[in-house]
Amino acid sequence: MSFNSWNVIALTNGSLELTQKLLEQSGSRQYFTEVHSCDELEITKPHPRVYQLLPQIAGSVWMVAAHTWDIAGAIRAGLKMAFVTAGEGDYLSIYPQPDVLAPDLMGAVEQIIARESAISP
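Reference entry: report on the structure contained in this document. Fair warning: this is a prediction, and the values are worked out from it, not measured in the lab. (Residues numbered from 1 in each chain as written. Predicted model: local features only at pLDDT ≥ 70, side-chain atom pairs only at ≥ 80, totals over all residues. Heavy atoms only, no water.)

1. As for the side chain of serine 28
Stage number 1. Within the fold, serine 28 resides in the loop between helix H1 (16-26) and strand S2 (34-37).
Stage number 2. By relative accessible area, serine 28 is classed as buried at 18%.
Stage number 3. Polar contacts involving the side chain of serine 28 include one to the side chain of serine 26, which spans 2.6 Å. (Helix = DSSP H or I, 4+ residues; strand = E, 2+ residues; numbered from the N terminus. Buried < 20%, exposed > 50% of the residue type's maximum accessible area, 1.4 Å probe, protein only. Polar contact = N/O pair within 3.5 Å; in protein donor to acceptor, adjacent residues only side chain to side chain.)

2. Regarding the nonpolar core
The nonpolar side chains of a soluble globular protein tend to be buried, and buried together.
Stage number 1. Judged by nonpolar contacts, the single largest core of 15 residues is most densely connected at Leu11, Tyr51, Met63, Ile71, Ala74, Leu79 and Met81.
Stage number 2. Of all the secondary structure elements, the ones that give two or more residues to this core are strand S1 (9-12), helix H2 (48-51), strand S3 (62-65), helix H3 (68-76) and strand S4 (80-84).
Stage number 3. Viewed by domain, this core spans two of them, domain 1 (7-44) and domain 2 (58-120), each represented by three or more residues.
Stage number 4. Those residues within four positions of methionine 81 in sequence are excluded, and the remaining contacts are Trp62, Met63, Ile71, Ala74, Ile75, Pro98, Asp99 and Val100.
Stage number 5. By size, the runner-up hydrophobic cluster in this structure holds seven residues, among which are Trp62, Ala82, Ala102 and Ala108. (Core = buried A, V, L, I, M, F, W, Y, C linked by side-chain atoms within 4.5 Å. Domains from an automatic or database assignment. Contact = heavy atoms within 4.5 Å.)

3. Re the pairing of S1
Along any regular strand, the residues point their side chains to alternate faces of the sheet.
Stage number 1. Here S1 shows no split at all, with Ile9 and Leu11 on one side and Ala10 and Thr12 on the other all buried.
Stage number 2. Two elements, S1 and S2, share four bridges in a ladder whose sense is parallel. Note that in S2 the partner of threonine 12 across the bridge is serine 37.
Stage number 3. Between the parallel pair S1 and S2, the chain is carried across by H1, and the sense of this crossover is right-handed. (Pairing = 2+ DSSP bridges. Right-handed = clockwise from strand over helix to strand, strands pointing away.)

Set out below in structure tokens:
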């Protein structure tokens, strides 16, 4: 499984314009196939309708987030989740548990790849 076969999509509570600008400034915009903002619906995460902005893609869909409320909302929307602990620290047990806990983005990606590789040859 290669990273090139993935659709990487940003889903933000921030404005689309600001998010696009931040991704471009960081040099990471090229890795995202799509960028969506809650502004499209005029509601914010963790409202379940926001997660419906994600396109229906064949295969596994994972969401990676650094906010517990975002994980909880996405799990309620039926997505597989990875929580990056670098920002908020420990994941609170009062929230639905994510599929993956990782200290940083690369750790989350490695665990997701390992899980997906175990499922499909």
